[in-house]
Amino acid sequence: MSVITAVRDGGIIARRNFTNVRRTPGALVTGVAQPIIFVLIMAFVFGGALGGADYREFLIGGLLAQTLTFNSSFTAVYLAKDLHQGIVDRFRVLPMSRVGVVLGRTWSDLITSVISTVVLVLCGLAIGWRATTDPLTITLTFLLLLLYAFAIAWVGAVVALTARSVEVAQSLGLLWLFPVCFISGAFVSADSLPGPLRGIAEWNPVTAIATAARQGFGNTAPAQFEVAGGWPAENAMLYATLCCVAIIAVFAPIAVTQYRRISRR
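Residues numbered from 1 in each chain as written. Predicted model: local features only at pLDDT ≥ 70, side-chain atom pairs only at ≥ 80, totals over all residues. Heavy atoms only, no water.

By the naming in an unreviewed UniProt entry, the protein chain goes by Transport permease protein and is assigned to Nesterenkonia sandarakina. In its Sequence similarities (unreviewed entry) section, the UniProt record describing the protein chain reads: "Belongs to the ABC-2 integral membrane protein family." (UniProt positions renumbered as here; feature names shortened; annotations may be inferred.)

Draft legend 1. View of the overall build of the protein chain. Of regular secondary structure, the protein chain possesses 14 helices and 0 strands. In sequence order, the secondary structure elements of the protein chain are arranged as α-α-α-α-α-α-α-α-α-α-α-α-α-α. Taken against the 2.2 N^0.38 rule, which gives 18 Å for 265 residues, the C-alpha radius of gyration of the protein chain at 19 Å falls within 12% of a compact globule. Principal-axis analysis of the C-alpha atoms gives the protein chain an extent of 60 × 35 × 35 Å. A buried classification covers 52% of the 265 residues belonging to the protein chain. A sequence separation of at least 24 residues applies to 84% of the contacts in the protein chain between residues at least 6 apart. Taken as a whole, the protein chain presents about 12300 Å² of accessible surface, with 69% of it coming from carbon and sulfur. (Helix = DSSP H or I, 4+ residues; strand = E, 2+ residues; numbered from the N terminus. Rg over C-alpha atoms; globule rule 2.2 N^0.38 Å. Buried < 20%, exposed > 50% of the residue type's maximum accessible area, 1.4 Å probe, protein only. Contact = heavy atoms within 4.5 Å. Areas by Shrake-Rupley, 256 points an atom, 1.4 Å probe, with all protein chains shown as cover.)

Draft legend 2. Highlighting helix H3 (residues 53-70). The first and last C-alpha atoms of H3 sit 25 Å apart over 18 residues, in line with the 26 Å expected at 1.5 Å per residue. Among the 18 residues of H3, 15 are classified as buried, and the element is accordingly described as predominantly covered. (Expected span 1.5 Å × (residues − 1).)

Draft legend 3. Summary view of the nonpolar core. In terms of nonpolar packing, the biggest core is built from 67 residues, with Leu63, Tyr148, Trp154, Leu161 and Ile209 touching the most fellow members. Per-element tally for this core: the top contributor is helix H8 (residues 135-162), with 14 residues. Those residues in contact with Leu161 that lie beyond four places of it in its chain are Leu79, Leu83, Val102, Ala255, Gln258, Tyr259, Arg261 and Ile262. (Core = buried A, V, L, I, M, F, W, Y, C linked by side-chain atoms within 4.5 Å.)

Draft legend 4. Main features of helix H6 (residues 98-108). Across the 11 residues of H6, 8 count as buried, placing the element largely inside the fold. Those residues of H6 not exposed but buried are Gly100, Val101, Val102, Leu103, Gly104, Arg105, Thr106 and Ser108.

Draft legend 5. The UniProt feature "transmembrane region" (unreviewed entry) in the protein chain, seen in detail. The UniProt record marks residues 25-46, 58-80, 110-131, 137-161, 173-190 and 236-256 with the feature "transmembrane region" (unreviewed entry), using the residue numbering of this structure. Annotated as 100% helix and 0% strand, the span residues 236-256 places its first and last C-alpha atoms 30 Å apart.

Draft legend 6. Here's a closer look at the pattern of salt bridges. Summed over all chains, the structure comprises 3 salt bridges. Ionic pairing is found between Glu202 and Arg198, a salt bridge with its closest N-O pair at 3.3 Å. On the criterion of helical spacing, the pair formed by Glu202 and Arg198 is a turn pair, its members being 4 residues apart in helix H11 (residues 195-203). Given the relative accessible area of 37%, Arg198 is considered partly exposed. In the salt-bridge network here, residues are joined through shared partners; they are Asp191, Arg198 and Glu202. (Salt bridge = Lys/Arg side-chain N within 4 Å of Asp/Glu carboxyl O.)

Draft legend 7. Representation of the packing of aromatic side chains within the structure. Counted by the stated rule, this structure contains 12 aromatic pairs. Between Phe142 and Phe217 the ring centres are 5.1 Å apart and the planes differ by 55 degrees, which places this aromatic pair in the tilted class. Placement of Phe142 in helix H8 and of Phe217 in helix H12 (residues 205-217) is noted, with a sequence separation of 75 residues between them. According to the relative accessible area criterion, Phe217 is buried, its value standing at 0%. Considering the side-chain rings of Trp203 and Tyr239, the 5.4 Å spacing of their centres and the 90 degrees angle between planes classify their relative orientation as edge-to-face. Taken together, the positions of Trp203 in helix H11 and Tyr239 in helix H14 (residues 236-263) put the pair 36 residues apart, joining distant regions of the chain. Residue class for Trp203 comes out partly exposed when judged on its relative accessible area of 46%. (Phe/Tyr/Trp six-rings, centres within 6.5 Å; stacked < 30°, edge-to-face > 60°.)

Draft legend 8. Spotlight on the environment of Leu242. Assignment of secondary structure puts Leu242 in helix H14. Along the chain, Leu242 and Ala208 lie 34 residues apart, while their C-alpha atoms are 9.8 Å from each other.

Draft legend 9. Quick peek at the environment of Val227. By secondary structure assignment, the location of Val227 is in the loop between H12 and helix H13 (231-234). Taking the C-alpha atoms as reference points, Val227 and Thr132, separated by 95 residues in sequence, lie 20 Å from one another. Residues in contact with Val227, not counting those within four places in the same chain, are Ser189 and Asp191.

Draft legend 10. Quick look at the packing of H8 against H12. Running from amino to carboxyl end, H8 crosses H12 at an angle of 160 degrees, the nearest separation of the two axes being 8 Å. Taken together, the axes of H8 and H12 are roughly antiparallel relative to one another. At the point where H8 passes H12, the crossing takes the left-handed sense. Across from Thr137, Ile138, Thr141, Phe142, Leu144, Leu145 and Tyr148 in H8, the residues of H12 making contact are Val206, Ile209, Ala212, Ala213, Gly216 and Phe217. Counted by class, the contact of H8 with H12 contains 10 nonpolar, 3 polar and no charged residues. (Axes fitted to C-alpha atoms, helices over the stretch in contact; angles between N-to-C directions. Parallel < 35°, antiparallel > 145°, perpendicular 65-115°, else oblique. Left-handed = near helix turned anticlockwise from the far one by under 90°. Nonpolar A, V, L, I, M, F, W, Y, C, P; charged D, E, K, R; others polar.)

Okay, structure coming up:
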């Protein structure tokens, strides 16, 4: 019964957050602008030196992984705002699941990830990117990306529930994103990185999502790129799915525990 209650209450909180998004569409500006900016920078500023048109095809999978990872900062910031503006204090006195509050936040933030994904795909189509696999594989790939967006939102929830202010949540929410996204195979082959960075990049969940997206869409690396090897690259879809499950299994209980601790104050 507690699971059903959490899901029901999570749906109510998600609808409340959707309503806020409709009333303040400016909150989605970053989610729309960020993919466009990164496509322009990576495809045309750096793309010429990394393989031109071939690199632009390779790039989209990495940008999808990076954009969805960066979107976890929205969860961190908006959950922190709810905590520090007194909204959550009102939820405490209601007969509702404590899990549902955080669950609703992560569900509702999927709308930002869906919009970012749509914008990024349209930008990719505009610069020559194409998905060449069958419709079922393409659909499964997009579902995997959606699962990853949901999983990584729990990391943002932990950041928000750990931070003492919205400003700290915003800073912490961005601090870890750059090393995680750039020490990966999102923009270059993981095998091209030196020393221990190569091993980190090979097993990085961002690399797994980027590689799974490229395989799911039928995109190949430029001829001059080293072909990434190892179990994570050879089983990218499976490993990416396992990463999503592991992230949820680790960070969801932490977020719920932290929320319950805050609720007792």
